[in-house]
Amino acid sequence: MEDIIKEYASGYEMLRDAIEGLSEEEFRYKPAPDKWSIHQILIHVTDSEISSTARLKKVLAEDEPALISFDQDAWANNLGYDLLDREQYLLLFKMLRSSMQTILSNLTSEQCERVGVYPDQERYTFKQLLVYRVEHVRGHLAQIERVKKAYQENQLTK
């Protein structure tokens, strides 16, 4: 669990490293009409973190709470992601992750096994939910790298 908490804590720095030195054109480049730009990915990661931080806290504070997901495409399509301030969102991501550190550093093994339940009756432990948060950032870091590569390849064909 220690490694998971450590990687969770480093999520902001990992995102920052992935976008270091990008131009605004690179941030806004979409590899296809139905794909997200790096800018949109960063907004999504933060929106997901807002929702997930509340889920993590519910599982620790309440007995088998109901957990709700959000429709990421509806959020991206209907909340004007292109208009939102990514620096503000990155700071929010950083603060959300930072706000969990005292809680995470004082977790007991019993707390790691507390459970939340989704509407389809799937049950997830706190530890599983935290691992998913780490994997979520990893997945989007890989997506950012794919978009950067697609942008570079696009520049070569111009």
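Model, not experiment: these values are computed from the prediction. (Residues numbered from 1 in each chain as written. Predicted model: local features only at pLDDT ≥ 70, side-chain atom pairs only at ≥ 80, totals over all residues. Heavy atoms only, no water.)

1. Let's talk about the overall build of the chain
Consideration 1: In terms of regular secondary structure, the chain is built from nine helices and two strands.
Consideration 2: Helices (α) and strands (β) of the chain occur, in sequence order from the N terminus, as α-α-α-α-α-α-α-α-β-β-α.
Consideration 3: The principal-axis extents of the C-alpha atoms in the chain amount to approximately 55 × 30 × 25 Å.
Consideration 4: Considering the chain as a whole, with its 158 residues, one finds that 43% of them fall into the buried category. (Helix = DSSP H or I, 4+ residues; strand = E, 2+ residues; numbered from the N terminus. Buried < 20%, exposed > 50% of the residue type's maximum accessible area, 1.4 Å probe, protein only.)

2. Quick notes on the pattern of salt bridges
Consideration 1: This model, assessed by the stated rule, comprises 11 salt bridges.
Consideration 2: Arginine 28 serves as the salt-bridge partner of glutamate 24, at 2.8 Å between the closest nitrogen and oxygen. One end of the pair is glutamate 24 and the other is arginine 28, both in helix H3 (residues 24–28) and four residues apart, which spans about a single turn.
Consideration 3: Using a relative accessible area of 41% as the deciding quantity, one classes glutamate 24 as partly exposed.
Consideration 4: Given a relative accessible area of 34%, arginine 28 falls into the partly exposed group.
Consideration 5: Ionic pairing is found between glutamate 24 and arginine 86, a salt bridge with its closest N-O pair at 2.5 Å. A residue pair is termed long-range when its members are at least 10 positions apart, and glutamate 24 in helix H3 and arginine 86 in helix H6 (residues 86–99) qualify at 62 residues.
Consideration 6: For arginine 86, a relative accessible area of 12% gives the class buried.
Consideration 7: Among the ionic contacts, a cluster of salt bridges with common partners joins Glu24, Arg28, Asp82 and Arg86. (Salt bridge = Lys/Arg side-chain N within 4 Å of Asp/Glu carboxyl O.)

3. Structural notes on the layout of surface pockets
Consideration 1: Taken as a whole, the largest pocket holds about 310 Å³ of empty space.
Consideration 2: Along the walls of the largest pocket sit 15 residues, with Arg55, Ser69, Tyr118, Tyr132 and Arg133 positioned nearest its centre.
Consideration 3: Only helix H4 (38–61) and helix H9 (126–156) provide two or more residues apiece to the lining of the largest pocket.
Consideration 4: Here the residues of the lining of the largest pocket sort into six nonpolar, seven polar and two charged. (1 Å grid on protein atoms, 1.4 Å probe; cavity = no way out; pocket = protein on both sides within 12 Å on 5 of 7 lines; lining within 4 Å. Points joined across faces, edges and corners; volume = space filled by probe spheres on them. Nonpolar A, V, L, I, M, F, W, Y, C, P; charged D, E, K, R; others polar.)

4. Remarks on the packing of aromatic side chains
Two descriptors summarise a pair of aromatic rings, namely the distance from one centre to the other and the angle between the planes of the rings.
Consideration 1: Applying the stated criterion to the full structure yields three aromatic pairs.
Consideration 2: Each ring, one from tyrosine 118 and one from tyrosine 124, has its centre 5.6 Å from the other, and the planes form 90 degrees; the classification is edge-to-face.
Consideration 3: Residue classification places tyrosine 124 among the partly exposed positions, given a relative accessible area of 28%.
Consideration 4: Over the aromatic face of phenylalanine 27 sits the side chain of arginine 86, whose NZ or CZ is 3.6 Å from the ring centroid.
Consideration 5: Positioned over the ring face of tyrosine 8 is arginine 97, at 4.0 Å from the centre of the ring. (Phe/Tyr/Trp six-rings, centres within 6.5 Å; stacked < 30°, edge-to-face > 60°. Lys NZ or Arg CZ within 6 Å of the ring centre and 35° of its normal.)

5. Quick notes on the nonpolar core
Consideration 1: The biggest cluster of nonpolar side chains holds 24 residues, and the ones touching the most others in it are Leu15, Ile19, Ile38, Leu42 and Ile144.
Consideration 2: Secondary-structure elements contributing two or more residues to this core are helix H2 (11–19), H4, H6 and H9.
Consideration 3: Top contributing element to this core by residue count: H9, with six residues.
Consideration 4: Sequence-distant contacts of isoleucine 144, that is, excluding residues within four places in its chain, are made with Leu15, Ala18, Ile38, Ile41 and Leu42.
Consideration 5: Counting 16 residues, the second-largest nonpolar core is a separate cluster that includes Val59, Leu60, Leu107 and Leu129. (Core = buried A, V, L, I, M, F, W, Y, C linked by side-chain atoms within 4.5 Å. Contact = heavy atoms within 4.5 Å.)

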